[in-house]
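# Summary of structural features
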Amino acid sequence: MIKVLIAEDHDLIRGALIALLSEERDIRVVEEVSRGDEIVPAVVGCRPDVALLDIGLPGIDGLEAAGLIRELEQPPPVLILTSVGTPGNFERAMAAGVRGFLVKDAPAHRLTDAIRVVARGERYIDLDVAADGGEPEIDHNPLTAREVAVLSAVAAGRRGSDLQSTLGLSVHTIRNYLAAARLKTGARTDEEAVRIASAGGWLDDGAASGGRPDDGQAAGG
């Protein structure tokens, strides 16, 4: 069960988020606050697996609170959910160590996907916000060695049986790695995931040419 803290100052939106997440079998809202200066004490008190924060909060804003959360002994990953998806806020979020960034007009399934991804310690970035920022710099490659290998092979033009032969993996396993890579990069398609990974300098030329990473590397993290 993924325990979530929600920080949102609008009662209607906060209530809607709680109702939405209550429909998920693996997600439970354990705390809700309406002010930014209530976030850190609430995190310390309830120990959530994910802190879901708005930016525009009274007291201190969600991004300042995210920076304070990062200083805790065992900080939960922070997912920003905001109506203000500007490049400036995105850059501040990355500097504060935020693991996820999503705008409020995103489909509901992307929010639940994002919560699950950041709960695993991975990164979920709204692709539209990232595009508006002009290929943002991310301080950490969120992809595993296997995911890098699969994306590198796709980037090199491998498809179908050629892709399976190159990587030594089944179709099902390859699909799982590609799905994980899309989630971590916030991409909607494999091609977008390749573009984002390439822009980040994460792709492995050796893997694209047929090299294989350690078979013990697990999918999704």
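For the structure itself, consult the block above.
Since the model is a prediction, treat every value here as computed from it, not as a measurement.

About the criteria used
- Residues numbered from 1 in each chain as written.
- Predicted model: local features only at pLDDT ≥ 70, side-chain atom pairs only at ≥ 80, totals over all residues.
- Heavy atoms only, no water.
- Helix = DSSP H or I, 4+ residues; strand = E, 2+ residues; numbered from the N terminus.
- Buried < 20%, exposed > 50% of the residue type's maximum accessible area, 1.4 Å probe, protein only.
- Areas by Shrake-Rupley, 256 points an atom, 1.4 Å probe, with all protein chains shown as cover.
- Expected span 1.5 Å × (residues − 1).
- Arc of directions from axis to C-beta.
- Contact = heavy atoms within 4.5 Å.
- 1 Å grid on protein atoms, 1.4 Å probe; cavity = no way out; pocket = protein on both sides within 12 Å on 5 of 7 lines; lining within 4 Å.
- Points joined across faces, edges and corners; volume = space filled by probe spheres on them.
- Nonpolar A, V, L, I, M, F, W, Y, C, P; charged D, E, K, R; others polar.
- Salt bridge = Lys/Arg side-chain N within 4 Å of Asp/Glu carboxyl O.
- Pairing = 2+ DSSP bridges.
- Axes fitted to C-alpha atoms, helices over the stretch in contact; angles between N-to-C directions.

### Here we look at the overall build of the protein
- Looking only at helices and strands, the protein has 11 helices and 6 strands in total.
- Going through the 221 residues of the protein one by one, you find that 46% of them count as buried.
- Just so you have it, the protein exposes about 10200 Å², and 48% of that area is on carbon and sulfur atoms.

### Structural notes on helix α1 (residues 11-22)
- Helix length check: α1, at 12 residues, gives a terminal C-alpha distance of 16 Å against a target of 16 Å (1.5 Å per residue), a fit within 8%.
- Every buried residue of α1 is accounted for by Arg14, Leu17 and Leu21. End-on view of α1: buried residues confined to an arc of 60°, all on one side of the axis. Opposite the buried face of α1, by more than 90 degrees, sit the exposed residues Asp11, Leu12 and Ser22.
- Structurally, α1 contributes buried residues whose contacts are with β1 (2-7), β2 (27-33), β3 (50-53), β4 (78-82) and α5 (108-119).

### Re empty space enclosed by the protein
- Per the counting criterion, the structure on display carries 1 cavity of 30 Å³ or more.
- A volume near 30 Å³ is recorded for the largest cavity.
- Together, Ile6, Ala7, Glu8, Leu17, Leu52, Leu53, Asp54, Leu81 and Lys104 line the largest cavity.
- Counting only elements with at least two residues in the lining of the largest cavity, the list comes to β1 and β3.
- Across the lining of the largest cavity, the residue classes break down as 6 nonpolar, no polar and 3 charged.

### Looking at the pattern of salt bridges
- A complete count under the given rule lists 11 salt bridges for this structure.
- Residues aspartate 26 and arginine 116 are paired through a salt bridge, measuring 2.7 Å at the closest nitrogen-oxygen approach. On the criterion of sequence distance, the pair formed by aspartate 26 in the loop between α1 and β2 and arginine 116 in helix α5 is long-range, its members being 90 residues apart.
- Note on aspartate 26: relative accessible area 28%, which makes it partly exposed.
- Taking relative accessible area as the criterion, arginine 116 reaches 21% and is therefore assigned partly exposed.

### Re the sheet that holds β4
- Strands sit in the order β2-β1-β3-β4-β5-β6 across an open sheet of 6 strands; the sheet is parallel. The sheet is open, and its two borders are formed by β2 and β6 (124-125), each paired with just one other strand.
- Contacting β3 and β4, helix α3 (residues 62-70) runs over the sheet at an angle of about 160° to β3.

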